[in-house]
Amino acid sequence: MTTVGVLALQGDVPEHRAAFAGVVGPQGVRLVRTPHELAGVDALVIPGGESTAISELIDRNGLRLPLQERIGRGLPVLGTCAGLILLAERLEPSRGGRDPTGLRVLDVSVRRNEFGRQRESFEDGVRVTGLQGDRFPGVFIRAPRILEVGRSAKPFAWRGDEVVGVRSPKIWGLTFHPELSGDPRLAEAFLRETGASD
Ligand code: GLN
(Lines give C-alpha, C1' and ligand atoms only; values in the text may rest on other atoms or scores of the structure.)
Protein backbone atom coordinates (compact mmCIF):
# COMPACT_ATOMS: atom_id res chain seq x y z
CA MET A 1 0.00 0.00 0.00
CA THR A 2 1.18 3.51 -0.83
CA THR A 3 1.98 5.72 2.13
CA VAL A 4 1.64 9.43 1.45
CA GLY A 5 3.41 11.77 3.87
CA VAL A 6 2.22 15.30 4.56
CA LEU A 7 4.96 17.61 5.82
CA ALA A 8 3.26 18.74 9.02
CA LEU A 9 5.26 21.73 10.23
CA GLN A 10 2.87 24.58 9.40
CA GLY A 11 0.07 25.34 6.94
CA ASP A 12 -2.99 23.51 5.66
CA VAL A 13 -1.92 20.06 6.83
CA PRO A 14 -5.39 18.73 7.84
CA GLU A 15 -6.82 19.64 4.43
CA HIS A 16 -4.08 17.71 2.59
CA ARG A 17 -4.41 14.81 4.97
CA ALA A 18 -8.17 14.63 4.31
CA ALA A 19 -7.77 15.04 0.55
CA PHE A 20 -5.25 12.17 0.27
CA ALA A 21 -7.19 10.03 2.76
CA GLY A 22 -10.04 10.24 0.25
CA VAL A 23 -7.73 8.72 -2.38
CA VAL A 24 -5.56 6.18 -0.50
CA GLY A 25 -7.64 5.73 2.68
CA PRO A 26 -6.89 7.17 6.14
CA GLN A 27 -4.27 4.47 6.86
CA GLY A 28 -2.35 5.55 3.79
CA VAL A 29 -1.57 9.07 5.02
CA ARG A 30 1.08 9.95 7.62
CA LEU A 31 2.23 13.23 9.04
CA VAL A 32 5.95 13.91 8.62
CA ARG A 33 7.84 15.99 11.17
CA THR A 34 11.13 14.12 11.56
CA PRO A 35 13.75 12.46 9.33
CA HIS A 36 12.59 9.08 10.67
CA GLU A 37 8.99 9.77 9.61
CA LEU A 38 10.22 10.96 6.21
CA ALA A 39 12.03 7.66 5.70
CA GLY A 40 8.73 5.76 5.98
CA VAL A 41 6.75 7.40 3.15
CA ASP A 42 6.45 6.65 -0.59
CA ALA A 43 5.44 10.20 -1.59
CA LEU A 44 5.40 13.58 0.13
CA VAL A 45 3.16 16.63 0.08
CA ILE A 46 4.51 20.03 1.05
CA PRO A 47 1.41 22.04 1.92
CA GLY A 48 0.42 25.64 1.48
CA GLY A 49 1.01 27.96 4.38
CA GLU A 50 3.78 30.42 5.10
CA SER A 51 6.92 29.41 3.25
CA THR A 52 9.25 31.38 5.55
CA ALA A 53 7.82 29.63 8.63
CA ILE A 54 7.94 26.18 7.01
CA SER A 55 11.54 26.77 5.93
CA GLU A 56 12.61 27.70 9.47
CA LEU A 57 10.87 24.63 10.88
CA ILE A 58 12.53 22.41 8.26
CA ASP A 59 15.88 23.50 9.72
CA ARG A 60 14.76 23.26 13.32
CA ASN A 61 13.59 19.67 12.75
CA GLY A 62 16.78 18.65 10.95
CA LEU A 63 14.88 17.93 7.75
CA ARG A 64 16.68 20.02 5.13
CA LEU A 65 19.35 17.53 4.08
CA PRO A 66 17.11 14.44 4.42
CA LEU A 67 14.48 16.16 2.25
CA GLN A 68 17.00 17.19 -0.40
CA GLU A 69 18.55 13.72 -0.42
CA ARG A 70 15.30 11.77 -0.69
CA ILE A 71 13.82 14.09 -3.29
CA GLY A 72 17.12 13.87 -5.19
CA ARG A 73 16.82 10.07 -5.15
CA GLY A 74 13.35 10.22 -6.73
CA LEU A 75 10.78 10.57 -3.93
CA PRO A 76 7.57 11.88 -5.56
CA VAL A 77 6.77 15.32 -4.11
CA LEU A 78 3.78 17.59 -4.53
CA GLY A 79 4.24 21.19 -3.41
CA THR A 80 1.22 23.50 -3.36
CA CYS A 81 1.62 27.27 -3.12
CA ALA A 82 4.10 27.71 -0.22
CA GLY A 83 5.17 24.14 -1.05
CA LEU A 84 6.03 25.19 -4.61
CA ILE A 85 7.99 28.18 -3.28
CA LEU A 86 10.03 25.79 -1.13
CA LEU A 87 10.72 23.41 -4.01
CA ALA A 88 11.83 26.11 -6.49
CA GLU A 89 15.47 26.32 -7.54
CA ARG A 90 15.28 30.09 -7.89
CA LEU A 91 13.35 32.65 -5.85
CA GLU A 92 13.05 36.18 -7.17
CA PRO A 93 12.94 38.68 -4.31
CA SER A 94 9.33 39.40 -3.34
CA ARG A 95 8.11 42.95 -2.83
CA GLY A 96 8.73 44.03 0.68
CA GLY A 97 8.73 40.61 2.33
CA ARG A 98 11.34 38.21 3.57
CA ASP A 99 11.97 35.20 1.39
CA PRO A 100 12.57 31.67 2.60
CA THR A 101 15.55 29.44 1.95
CA GLY A 102 14.27 26.91 -0.52
CA LEU A 103 15.15 23.26 -1.14
CA ARG A 104 16.16 24.12 -4.72
CA VAL A 105 15.01 20.92 -6.38
CA LEU A 106 12.52 22.09 -9.07
CA ASP A 107 13.86 23.93 -12.12
CA VAL A 108 11.65 27.05 -11.96
CA SER A 109 11.95 30.59 -10.76
CA VAL A 110 9.06 31.93 -8.69
CA ARG A 111 8.17 35.04 -6.77
CA ARG A 112 5.92 34.79 -3.74
CA ASN A 113 2.88 36.94 -2.94
CA GLU A 114 2.51 38.10 -6.54
CA PHE A 115 -1.23 38.70 -6.35
CA GLY A 116 -1.33 41.01 -3.36
CA ARG A 117 -2.94 40.42 -0.02
CA GLN A 118 -5.26 37.76 1.37
CA ARG A 119 -8.36 39.55 0.06
CA GLU A 120 -6.99 39.31 -3.48
CA SER A 121 -7.33 35.53 -3.29
CA PHE A 122 -9.58 34.03 -5.95
CA GLU A 123 -10.90 30.91 -7.68
CA ASP A 124 -10.60 30.17 -11.37
CA GLY A 125 -10.67 27.23 -13.77
CA VAL A 126 -7.31 25.58 -14.50
CA ARG A 127 -6.47 23.54 -17.58
CA VAL A 128 -4.41 20.49 -16.61
CA THR A 129 -2.70 18.20 -19.14
CA GLY A 130 -4.06 14.68 -18.94
CA LEU A 131 -7.08 15.38 -16.70
CA GLN A 132 -10.39 14.18 -18.06
CA GLY A 133 -13.52 16.29 -17.78
CA ASP A 134 -13.99 19.90 -16.70
CA ARG A 135 -11.32 22.42 -15.87
CA PHE A 136 -9.85 21.94 -12.44
CA PRO A 137 -11.26 24.33 -9.81
CA GLY A 138 -8.17 26.33 -8.87
CA VAL A 139 -8.16 28.01 -5.45
CA PHE A 140 -5.46 30.72 -5.35
CA ILE A 141 -4.55 32.15 -1.94
CA ARG A 142 -1.78 34.74 -1.81
CA ALA A 143 -0.37 32.75 -4.66
CA PRO A 144 3.16 32.90 -6.04
CA ARG A 145 3.81 33.37 -9.74
CA ILE A 146 5.95 31.05 -11.85
CA LEU A 147 8.24 33.46 -13.71
CA GLU A 148 10.32 31.03 -15.70
CA VAL A 149 10.38 27.28 -16.30
CA GLY A 150 13.83 25.74 -16.78
CA ARG A 151 14.79 22.93 -19.15
CA SER A 152 14.31 20.05 -16.75
CA ALA A 153 10.79 21.07 -15.74
CA LYS A 154 7.60 21.02 -17.79
CA PRO A 155 4.48 23.16 -17.51
CA PHE A 156 1.31 21.07 -17.16
CA ALA A 157 -1.33 23.43 -15.74
CA TRP A 158 -2.48 26.83 -17.00
CA ARG A 159 -4.86 29.57 -15.94
CA GLY A 160 -5.48 31.29 -19.26
CA ASP A 161 -1.97 31.75 -20.70
CA GLU A 162 -0.24 31.65 -17.35
CA VAL A 163 1.60 28.56 -16.14
CA VAL A 164 0.30 27.55 -12.70
CA GLY A 165 1.68 24.01 -12.49
CA VAL A 166 5.09 22.49 -13.32
CA ARG A 167 6.62 19.03 -12.97
CA SER A 168 10.02 17.47 -13.47
CA PRO A 169 8.76 14.56 -13.62
CA LYS A 170 8.40 13.37 -10.00
CA ILE A 171 8.46 16.81 -8.43
CA TRP A 172 5.16 18.62 -8.93
CA GLY A 173 4.62 22.27 -8.02
CA LEU A 174 1.28 24.11 -8.14
CA THR A 175 0.57 27.77 -7.38
CA PHE A 176 -2.98 26.83 -6.25
CA HIS A 177 -4.59 24.54 -3.66
CA PRO A 178 -6.14 21.29 -4.99
CA GLU A 179 -6.70 20.13 -1.40
CA LEU A 180 -9.30 22.89 -0.94
CA SER A 181 -11.22 22.13 -4.13
CA GLY A 182 -12.97 18.90 -3.17
CA ASP A 183 -11.78 17.50 -6.51
CA PRO A 184 -9.53 14.41 -6.15
CA ARG A 185 -8.32 14.28 -9.78
CA LEU A 186 -4.95 15.99 -9.21
CA ALA A 187 -4.10 13.94 -6.13
CA GLU A 188 -4.95 10.76 -8.06
CA ALA A 189 -2.94 11.88 -11.11
CA PHE A 190 0.05 12.77 -8.91
CA LEU A 191 0.19 9.31 -7.32
CA ARG A 192 -0.41 7.50 -10.60
CA GLU A 193 1.92 9.49 -12.85
CA THR A 194 4.86 9.70 -10.46
CA GLY A 195 4.65 5.95 -9.88
CA ALA A 196 3.99 6.47 -6.16
CA SER A 197 0.97 4.18 -6.24
CA ASP A 198 2.69 1.31 -8.12
N1 GLN B 1 2.06 33.63 0.53
C2 GLN B 1 2.51 32.40 1.07
C3 GLN B 1 4.02 32.30 1.05
O4 GLN B 1 4.65 33.07 0.42
C5 GLN B 1 1.94 31.22 0.29
C6 GLN B 1 0.45 31.23 0.41
C7 GLN B 1 -0.15 29.87 0.41
O8 GLN B 1 0.52 28.84 0.57
N9 GLN B 1 -1.44 29.87 0.30
O10 GLN B 1 4.59 31.46 1.66
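Residues numbered from 1 in each chain as written. Predicted model: local features only at pLDDT ≥ 70, side-chain atom pairs only at ≥ 80, totals over all residues. Heavy atoms only, no water.

Notes on the environment of Arg90
Note the following rule: Labels follow the DSSP assignment, with helices taken as runs of H or I lasting at least four residues and strands as runs of E lasting at least two, numbered in each case from the N terminus. Contact definition: two residues touch when any of their heavy atoms are within 4.5 Å.
Relative to the assigned elements, Arg90 resides in strand S5 (residues 88-91). Remark: the alpha-carbon pair of Arg90 and Glu148, spanning 58 residues in sequence, is separated by 9.3 Å. In this structure, Arg90 is in contact with Asp107, Val108, Ser109, Val110, Glu148 and Gly150, ignoring residues within four places of it in sequence.

Topic: the side chain of His16
To keep things clear, this is the line we draw: For every residue, the accessible area obtained with a 1.4 Å probe (protein chains only) is divided by the maximum for its type, and the residue is called buried under 20%, exposed over 50%, and partly exposed between those limits.
As for its placement among the helices and strands, His16 is situated in helix H1 (residues 13-24). Residue His16 is classed as buried on the basis of its relative accessible area, which comes to 1%. Here His16 is in contact with Val6, Val45, Pro47, Gly48, Thr80 and Glu179, once residues within four sequence places are set aside.

Here we look at the packing of aromatic side chains
Spelled out, the test is: Between the rings of Phe, Tyr and Trp (Trp by its six-membered ring), a pair exists once the centres lie within 6.5 Å; its type follows the angle of the planes, with under 30 degrees stacked, over 60 edge-to-face, and the other angles tilted. Only Lys NZ and Arg CZ are tested; either one counts as a charge over a ring when it is within 6 Å of the ring centre and within 35 degrees of the ring normal.
Applying the stated criterion across every chain yields a total of seven aromatic pairs. An angle of 80° between the planes, with centres 6.4 Å apart, marks the rings of Phe20 and Phe190 as edge-to-face. Separated by 170 residues along the polypeptide, Phe20 in helix H1 and Phe190 in helix H6 (residues 185-193) bring together distant segments of the chain. Exposure class is identical for Phe20 and Phe190. Each is buried. Centroid distance Phe115 to Phe122: 5.6 Å. Interplanar angle 65°. Geometry classified as edge-to-face. A relative accessible area of 18% means that Phe115 is categorised as buried. If you follow Arg159 out to its NZ or CZ, it ends over the ring of Phe140, 5.8 Å from the centre.

Describing the side chain of Thr52
Relative to the assigned elements, Thr52 resides in helix H3 (residues 51-60). Overall, Thr52 belongs to the buried group, its relative accessible area being 9%.

Observations regarding H1
So the rule is basically this: The span you would expect from a helix comes to 1.5 Å times its residue count less one. The reported arc concerns the directions from the helix axis to the C-beta atoms and nothing else.
Taking 1.5 Å of rise per residue, the twelve residues of H1 would be expected to cover 16 Å, and the 16 Å separating its terminal C-alpha atoms lies within 8% of that figure. Looking at H1, one finds that the buried residues are Val13, His16, Phe20 and Val24. Take H1 and look down its axis: the buried residues cluster within an arc of 65°, on one side only. With respect to the buried face of H1, the exposed residues turned more than 90 degrees away are Pro14, Ala18 and Gly22.

Side note on the packing of H1 against H6
The following threshold applies: Inter-axis angles, ranging from 0 to 180 degrees, are taken between N-to-C directions of lines fitted to C-alpha atoms, where helices are fitted over the stretch in contact. Definitions for this section: a left-handed crossing has its near helix turned counterclockwise from the far helix by less than a right angle. A right-handed crossing has that turn clockwise. Under the scheme applied here, ten amino acids are nonpolar (Ala, Val, Leu, Ile, Met, Phe, Trp, Tyr, Cys and Pro), four are charged (Asp, Glu, Lys and Arg), and all others, including Gly, are polar.
Where H1 meets H6, the closest approach of the two axes is 9 Å, and the angle between their N-to-C directions is 65°. Considering the relative orientation of H1 and H6, their crossing is right-handed. The segment H1 lies against H6, with Phe20, Val23 and Val24 engaging Ala187, Glu188, Phe190 and Leu191. Split by residue class, the contact of H1 with H6 holds six nonpolar, no polar and one charged.

Digging into the sheet that holds strand S3 (residues 43-46)
Our working definition: Following DSSP output, two strands are said to pair if at least two bridges run between them.
Taken together, the nine strands give an open sheet; going across it, the order is S2-S1-S3-S4-S12-S11-S10-S7-S8, and neighbouring strands pair in mixed fashion. With one partner strand each, in any of the chains shown, strand S2 (29-32) and strand S8 (136-140) form the two edges of the open sheet. Across the sheet, the axes of successive neighbouring strands diverge by a mean angle of 30°, strand direction being ignored. Pairing analysis gives three bridges linking S3 to strand S4 (residues 77-80), with the strands arranged parallel. By the bridge assignment for S4, Leu44 is matched with Val77.

Some remarks on the site of the ligand
Note the threshold: Any residue with a heavy atom lying within 4 Å of a molecule or strand is counted as near it. Pairs of N or O atoms within 3.5 Å make up the polar contacts considered here, provided that, within protein, one atom can donate a hydrogen while the other can accept it, and that residues adjacent in sequence are counted only when both atoms are side-chain atoms. Note on areas: these come from Shrake-Rupley sampling with a 1.4 Å probe, and a residue is covered only by the protein chains present in the view.
Near the ligand you find Gly48, Gly49, Glu50, Ser51, Cys81, Ala82, Ile85, Arg112, Asn113, Ile141, Arg142 and His177, and these make up its full shell. A distance of 2.6 Å separates an oxygen atom of the ligand from a polar atom in the backbone of Ser51. Between the ligand and the protein, one listed contact pairs an oxygen atom with a side-chain N or O atom of Arg112 at 2.6 Å. Considered on its own, the ligand offers 300 Å² of accessible surface; in the complex 96% of this is hidden by protein. Taken together, the residues of the shell around the ligand break down into four nonpolar, five polar and three charged.

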